[in-house]
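Listed below, chain by chain, are the residues.
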Amino acid sequence: MSSATTDTPAPGGEPTTDAPAPTPPTDSTSTALSARRIWTRVRGAALVVAVVLIGGLVLATVRSTNAHGALDPRSTDPHGSRAVAELLKERGVTLTLATTLDEATAATTPGTTLLVTAPDLLTDAQLSTLRTAAQTSAGRTVLLGAGSPSLDVLAPGITSARDTAVTNLSPACTLPAATRAGSVDLGGERYEVAPGTTADSCYPSDGLPTLVRLPGTGTGTADTVLLGSPDILHNTRLDQQGNASLALQLLGSRSHLVWYLPSLYDASADAPEDDTTGNFLALIPSGWLWGTLQLALAALLAAVWRGRRLGPLVTERLPVALRASEATEGRARLYRKANARDRAASVLRTATRTRLAPLLGVPSRDAHSPDLLLPALSARLPGTTADPRDLLFGPTPADDSALVRLADQLDALEREVRTS
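(A) Spotlight on the pairing of strand E3 (residues 140–144). Where burial is concerned, most of E3 is hidden: five out of the five residues are buried. One ladder, built from four bridges, connects strand E2 (residues 112–116) with E3; its direction is parallel. Residue pairing in the sheet places Thr113 in a bridge with Arg140 of E3. The β-α-β motif built from E2, the intervening helix H4 (residues 124–137) and the parallel element E3 has right-handed crossover chirality. Pairing geometry for E3 and strand E8 (residues 223–227), over five bridges, is parallel. Among the inter-strand pairings, Arg140 is bridged to a residue of E8, identified as Asp223.

(B) Molecular detail of the packing of helix H2 (residues 82–90) against helix H7 (residues 243–251). Where H2 contacts H7, the two axes come as close as 10 Å, and the packing angle between them is 55°. Taken together, the axes of H2 and H7 are oblique relative to one another. Here the hand of the crossing between H2 and H7 comes out right-handed. When H2 is examined against H7, the residues Val84, Leu87 and Leu88 are found in contact with a partner set consisting of Ala247, Leu248 and Leu251. Of the residues contributing to the contact of H2 with H7, the split by class is six nonpolar, no polar and no charged.

(C) Here's a closer look at the state of the cysteines. This model, assessed by the stated rule, comprises one disulfide. Disulfide pairing is shown between Cys173 and Cys202; the S-S distance is 2.0 Å. When the S-S torsion is 95°, as for the bridge of Cys173 with Cys202, the disulfide is right-handed. Here Cys173, found in the loop between strand E4 (158–169) and helix H6 (176–181), pairs with Cys202, found in strand E6 (residues 200–205); they are 29 residues apart in sequence, far enough to count as distant.

(D) Inspection of helix H11 (residues 370–380) at higher detail. By the burial criterion, the buried members of H11 are Leu373, Leu374, Ala376 and Leu377. Taken around the axis of H11, the buried residues stretch over an arc of 165°, which confines them to a single face. Residues of H11 that are exposed and point over 90 degrees away from its buried face: Asp371 and Ala379. If you follow the buried residues of H11, they end up packed against helix H10 (341–360), helix H12 (388–393) and helix H13 (400–419).

Cut-off values and rules
Residues numbered from 1 in each chain as written. Predicted model: local features only at pLDDT ≥ 70, side-chain atom pairs only at ≥ 80, totals over all residues. Heavy atoms only, no water. Buried < 20%, exposed > 50% of the residue type's maximum accessible area, 1.4 Å probe, protein only. Helix = DSSP H or I, 4+ residues; strand = E, 2+ residues; numbered from the N terminus. Pairing = 2+ DSSP bridges. Right-handed = clockwise from strand over helix to strand, strands pointing away. Axes fitted to C-alpha atoms, helices over the stretch in contact; angles between N-to-C directions. Parallel < 35°, antiparallel > 145°, perpendicular 65-115°, else oblique. Left-handed = near helix turned anticlockwise from the far one by under 90°. Contact = heavy atoms within 4.5 Å. Nonpolar A, V, L, I, M, F, W, Y, C, P; charged D, E, K, R; others polar. Disulfide = S-S within 2.5 Å. Arc of directions from axis to C-beta.

Printed below as a string of structure tokens:
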């Protein structure tokens, strides 16, 4: 079998001398080195993740007994509402806390005040159910920070305008509760009352009210009150301005108060069982859709950012210069170890055909076509005793001896073409 003997030149121009090849590491050593490198790279991130998890568990354990969300009547946090809840209880108002729509509608009886802290979290089906329950009870419904998603159902004739900061505002209306309370801390959502709609508009900010009272459409004292922001119910603001007075008058006008805290995890008011339209998007609150869009945009920007770091490949000098003959011998040993006579024979024949084609005047692209290469070879060597087709395009040798003979015959054929 022929092999190349050209040495790879060193940077100074002189051929490199033969040097013993480094001893390859054993499998166990390679595995240990790989595991050590991986641990070195990820241990910083693993430490950060562990610290965050442990801190979260400790914080959750410490605060799990007394922590509640914003506007929760049990919470003593700055944004909780336990202070106003206690004041209402001292005045004889019975308070029922509801965290699901089923609990809120079941507790809403005639003569009840229903407080909805986040109406925009409710789906269309939940809003319809809530409006039906409020109309049936003929009581008062107080909506905090209601926006466009909930106004069309719960407060027809009212639309949401651009929100504003919470500041000290004067009543500027004749609503008794507002005139008695005086100036309060309001803002947030601002509302526009459609022409022809009967409503009390109070605490205007830049000409638009932040408190609107809609009287009921039927008989009785039912009404709907829209508060642009919930700040007057926070523990930290209750003792400022007339916040406590306005809150107690709006929430304490009936003897029973249902305090409803909607959430995205409330599955008690899904679509009716006979609804087979399959409109999946209608069941998802609008906040989740916007959140998914933002996450997709962030992922796209991150991909672009990381992609810009990829540049062209950089050539790297090998730590050891190997002789071409050593590389050839190493590949031959791999073929022999794998008993890959077919692959070895194919490599030998392909290399021979590639070298013969220019000598025979055959284009390099046609070097592996027997219909073009063999006629040119027969014309060059008309008296050869060997079968060129069997040598150049024949079957796989049956054993190692046949493979060695094939290599010798290919060498002899190439010498004969070169010397002819």
